[in-house]
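# Descriptive analysis of the structure
Residues per chain, in single letters:
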Amino acid sequence: MTTRRLTVAQALVEFLTHQYTERDGRRQRLIAACWGIFGHGNVAGVGQALLETGDALPFLQGRNEQAMVHAAVGYARHRDRLSAHAVTTSIGPGATNLVTGAALATINRIPVLLLPGDVFATRPADPVLQQLEHPGAGDVSVNDCLRPVSRSFDRVTRPEALIPAALAAMRVLADPVETGAVTLALPQDVQAEAYDWPEEFFAERTWHVRRPAPDPAELDAAVRAVRAARRPLIVAGGGVHHSGAEDALRALADATGIPVASTQSGKGSLRYDHPADVGGIGHTGTATANALARAADLVLGAGTRWTDFTTASATLFTAPGVRFVNLNLAGHDAHKLAGLPLVADARTGLEALAAGLAGHRVDEEYVRAYTAGKAEWETLVDRAFAPSDGRGDGARPTQAQVLGALDAVVGDDDVVINAAGSLPGDLHKLWRARSRRQYHVEYGYSCMGYEIPAALGVQLAAPDDPVWALVGDGTYLMMPTELVTAVQEGLAVKVVLVQNHGYASIGGLSEAVGAERFGTAYRFRAPDGTYTGDPLPVDLAANAASLGMTVLRARTAKELHAALAEARASDRPTCVYVETETADTVSGAPPAQAWWDVPVAETATRPAAVTARAGYERDAAERRRHLRP
């Protein structure tokens, strides 16, 4: 047997350079690059190996470990989960900083390979710097925090253990059902240990990504259910995008006339101006989609896991006898809501449904009704986007008007990224998605700080496309660090920084649940001890400029449009800074069209909470469990 003597870290890096995925005949690198911040737990192991490997596995220098994972997620999502990045860190805080990013990746089912350093396997000195001492478990380290947020976790305590661990990691990363964060914890002494590796370990491997077809019996049941329905509705989830099933969905909608609503992950499955597209569904959805959901007698979920925002906390689908058909690769998702399971790849399943429904079309009166509802909603969008609402040309724009200005500037190839705050709600209701990849909102974990690093990952995946990170001041203050990386790497991301002096989304929610916006504004303390004084005199635009960004300030809607157009044309990282109406005013978008369950204090003395509790009990009474087999 031919062998090659390398350290464990060198062998791992060499192994990664020979891993590929293939779907529909298209082959690409599974691990395309490695992000890293070096410390004593990985600098002499993985760091040295990356240096020795050179361009075979490109290295990207990050500023924050959590942000590096977000960047990797942005990249993998934009590549339809067929290509991913690795992230290497030292032991201690570098490793624990990965936890939030890992949770985001796993919840959203996006592949990322985590390579945290670990304490000595041989324990020559105990404890070493940054080691967690656990009296009852000597084999526990801080990396064990990554176990519950990883789809696969292994600790490589011997060189030869790397072989099965690495192969298992690649299998999970390439599996569209199991994928998420995959962790290989690497003790720092083992990383540097040499071993005679079998040459076959470094052979090129291609991991085929399957497109399972539906079971004939499940398909027959699904087709019969759809044919029997008078008011069917399709709910498109992220699985439509991951599968590249947009054309199949459009063909099904064209043939049958069934309207299509979308989750946050599924928005853009149909272009916004397609006749069957009725917009977002659920708590942040459109009035049109939610009215259809309430009346639907059959709901076809395509690649959705039915989160509480989509179902309006189980209050949305209320028609008597409503049934669900769940097309999903994951069996545990396909059986939710007591639905008829259709376990299959989204594209394959939609194509099979279209064949089974040949000649079937919903009643034209149903089409006319949702077409009219769609037109009415578009009128509301136009009104919200309008650059002036009578307050004068010098007035600050509302948040919806910011989106309207961006809507007027972008083209089909632009990518708009957001994750948290009030923007996801406005975007889901208002944004006019022009292409399958344009709408990139991370709402599985809704993680503040995702937007800027994710924009870097998307820009790496699509270097010629304009990429926009939309951030509020709360998100910006949490994680602006990767702006430095954007400048360093010459990634021409565009950041729209919305200053509204606080947590606008939680402020509105706080008011709705009787908490009176307590602790949600960025203001000085007032004499009564609350944060209700003047806005803080921070200058986030100056901060972005200090990190190397080109900064364009816009005071009015007219200036904003010009600044956005200039940013789009720029070939370097650019920030457009705009101060909107403050966090304690409305965004300008229509209010929520469906409920979301946030429990309200059952006992309280303040009138706002008492009133909110009464409303909560009224809304909660509409909750319904779908149990009919």
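Our structure is the block above this text.
In short, a report on the structure. (Residues numbered from 1 in each chain as written. Predicted model: local features only at pLDDT ≥ 70, side-chain atom pairs only at ≥ 80, totals over all residues. Heavy atoms only, no water.)

### Let's talk about the overall build of the protein
Within the protein one finds 24 helices and 23 strands. A compact globule built from 629 residues would reach a C-alpha radius of gyration of about 25 Å, and the protein, at 25 Å, matches this within 12%. For the C-alpha atoms alone, the extent of the protein along its principal axes is close to 70 × 70 × 55 Å. The buried share among the 629 residues of the protein stands at 58%. Taken as a whole, the protein presents about 24,400 Å² of accessible surface, with 54% of it coming from carbon and sulfur. Computing the positive centroid from 59 side-chain charges and the negative centroid from 71, the protein places the two 4 Å apart. (Helix = DSSP H or I, 4+ residues; strand = E, 2+ residues; numbered from the N terminus. Rg over C-alpha atoms; globule rule 2.2 N^0.38 Å. Buried < 20%, exposed > 50% of the residue type's maximum accessible area, 1.4 Å probe, protein only. Areas by Shrake-Rupley, 256 points an atom, 1.4 Å probe, with all protein chains shown as cover. Lys, Arg positive; Asp, Glu negative; His and termini not counted. Charge placed at Lys NZ, Arg CZ, Asp CG, Glu CD.)

### Considering the pattern of salt bridges
This model, assessed by the stated rule, comprises 38 salt bridges. Among the salt bridges present, the one from Arg-368 reaches Glu-365, with a minimum N-O distance of 2.8 Å. Here Arg-368 and its partner Glu-365 are both found in helix 15 (residues 364-385), 3 residues apart, which amounts to about one turn of the helix. For Glu-365, a relative accessible area of 45% gives the class partly exposed. For Arg-613, the salt bridge is made with Glu-617, and the minimal N-O distance between the two is 3.0 Å. You can see Arg-613 and its partner Glu-617 sitting in helix 24 (residues 607-620), 4 residues apart, about one turn around the helix. Residue Arg-613 is classed as buried on the basis of its relative accessible area, which comes to 16%. (Salt bridge = Lys/Arg side-chain N within 4 Å of Asp/Glu carboxyl O.)

### Notes on the packing of helix 3 (residues 65-78) against helix 18 (residues 451-461)
At a closest axis distance of 7 Å, the pairing of helix 3 and helix 18 adopts a crossing angle of 40°. In this view, helix 3 runs oblique relative to helix 18, as classed from their interaxial angle. Here helix 3 runs over helix 18; the crossing is right-handed. Contacts between helix 3 and helix 18 involve Ala-67, His-70, Ala-71, Gly-74, Tyr-75 and His-78 on the former and, on the latter, Pro-453, Ala-454, Gly-457, Val-458, Leu-460 and Ala-461. Class assignment for the residues of the contact of helix 3 with helix 18 results in 8 nonpolar, 4 polar and no charged. (Axes fitted to C-alpha atoms, helices over the stretch in contact; angles between N-to-C directions. Parallel < 35°, antiparallel > 145°, perpendicular 65-115°, else oblique. Left-handed = near helix turned anticlockwise from the far one by under 90°. Contact = heavy atoms within 4.5 Å. Nonpolar A, V, L, I, M, F, W, Y, C, P; charged D, E, K, R; others polar.)

### Brief notes about the side chain of Asn-108
Examined against the element boundaries, Asn-108 turns out to sit in helix 5 (residues 98-108). Owing to a relative accessible area of 15%, Asn-108 belongs among the buried residues under this scheme. In terms of polar contacts, Asn-108 uses its side chain to reach the side chain of Glu-442, at 2.9 Å. Excluding residues within four positions of it along the chain, Asn-108 makes contact with His-242, Glu-442, Tyr-443, Gly-444 and Tyr-445. (Polar contact = N/O pair within 3.5 Å; in protein donor to acceptor, adjacent residues only side chain to side chain.)

### Details of the packing of aromatic side chains
Scanning all chains against the criterion turns up 13 aromatic pairs. When the centroid spacing of 5.7 Å and the interplanar angle of 85° are considered together, the rings of Tyr-366 and Tyr-370 count as edge-to-face. Placement of the pair is Tyr-366 and Tyr-370 together in helix 15, with a separation of 4 residues, close to one helical turn. Taking the centre distance of 5.7 Å and the plane angle of 50° together, the rings of Trp-595 and Tyr-616 count as tilted. Of this pair, Trp-595 sits in the loop between strand 23 (574-579) and helix 24 while Tyr-616 is found in helix 24, placing the two residues 21 residues apart along the sequence. One aromatic cluster is present, formed by Phe-15, Tyr-195, Trp-197, Phe-201 and Phe-202 through successive ring pairs. The ring of Tyr-577 has Arg-553 lying over it, and the distance from NZ or CZ to the ring centre is 5.6 Å. (Phe/Tyr/Trp six-rings, centres within 6.5 Å; stacked < 30°, edge-to-face > 60°. Lys NZ or Arg CZ within 6 Å of the ring centre and 35° of its normal.)

### Description of empty space enclosed by the protein
Where empty space is left in the structure can be found by rolling a water-sized probe over the atoms. One pass over the full model with this rule turns up 3 cavities of 30 Å³ or more. The computed volume of the largest cavity comes to approximately 130 Å³. Along the wall of the largest cavity there are 16 residues; nearest its centre are Asp-277, Gly-279, Thr-286, Trp-377 and Glu-378. Counting residues per element, the ones that place at least two in the lining of the largest cavity are strand 14 (277-280), helix 15 and helix 17 (423-430). Considering only residue class, the lining of the largest cavity consists of 6 nonpolar, 4 polar and 6 charged. Across the lining of the second largest cavity, the residue classes tally to 4 nonpolar, 6 polar and 1 charged. (1 Å grid on protein atoms, 1.4 Å probe; cavity = no way out; pocket = protein on both sides within 12 Å on 5 of 7 lines; lining within 4 Å. Points joined across faces, edges and corners; volume = space filled by probe spheres on them.)

### Some points on the sheet that holds strand 22 (residues 550-554)
Ordered by their spatial adjacency, 6 strands build an open sheet running 19-18-20-21-23-22, and the pairing between neighbours is parallel. Looking along the sheet, the strands with just one partner apiece sit at the ends: strand 19 (439-441) and strand 22. Strand-to-strand twist across the sheet, computed as the mean angle between neighbouring axes with direction ignored, equals 20°. As paired strands, strand 22 and strand 23 are joined by 5 bridges and run parallel to one another. Residue pairing for strand 23: Thr-550 is matched across the bridge by Thr-574. (Pairing = 2+ DSSP bridges.)

### Here we look at the sheet that holds strand 12 (residues 232-236)
Strand pairing within a sheet occurs via backbone hydrogen bonds; the two strands may be parallel or antiparallel. Here 6 strands make up an open sheet; going across it, the order is 14-13-12-15-16-17 and the pairing parallel. Looking along the sheet, the strands with just one partner apiece sit at the ends: strand 14 and strand 17 (340-343). Averaged over neighbouring strand pairs, the angle between their axes works out to 20° when direction is ignored. Of the pairings in the sheet, the one linking strand 16 (residues 323-328) to strand 17 comprises 4 bridges and is parallel in character. Across the sheet, Val-325 pairs through a bridge with Leu-340, a residue of strand 17. Strand contacts of helix 8 (residues 216-228): strand 15 (298-302), strand 16 and strand 17, with the helix running at about 125° to strand 17, the strand carrying the most contacts.

### Here we look at a nonpolar patch on the surface
Together, Phe-38, Val-43 and Phe-59 give the surface a local cluster of nonpolar side chains, amounting to about 240 Å² of exposed area. Judged by relative accessible area, Phe-38 falls into the partly exposed class, the value being 36%. (Patch = residues over 30% accessible without salt bridge, like charges linked within 9 Å, V, L, I, M, F, W, Y side chains within 5 Å.)

### Some words on the packing of helix 1 (residues 8-16) against helix 6 (residues 162-174)
For the pair helix 1 and helix 6, the least separation of the axes is 11 Å and the interaxial angle reads 30°. In the packing of helix 1 onto helix 6, the handedness of the crossing is right-handed. Along the contact surface, helix 1 presents Val-8, Ala-11, Leu-12, Phe-15 and Leu-16, while helix 6 presents Leu-162, Ala-166, Leu-167 and Met-170. A breakdown of the residues in the contact of helix 1 with helix 6 according to their chemical character gives 9 nonpolar, no polar and no charged.

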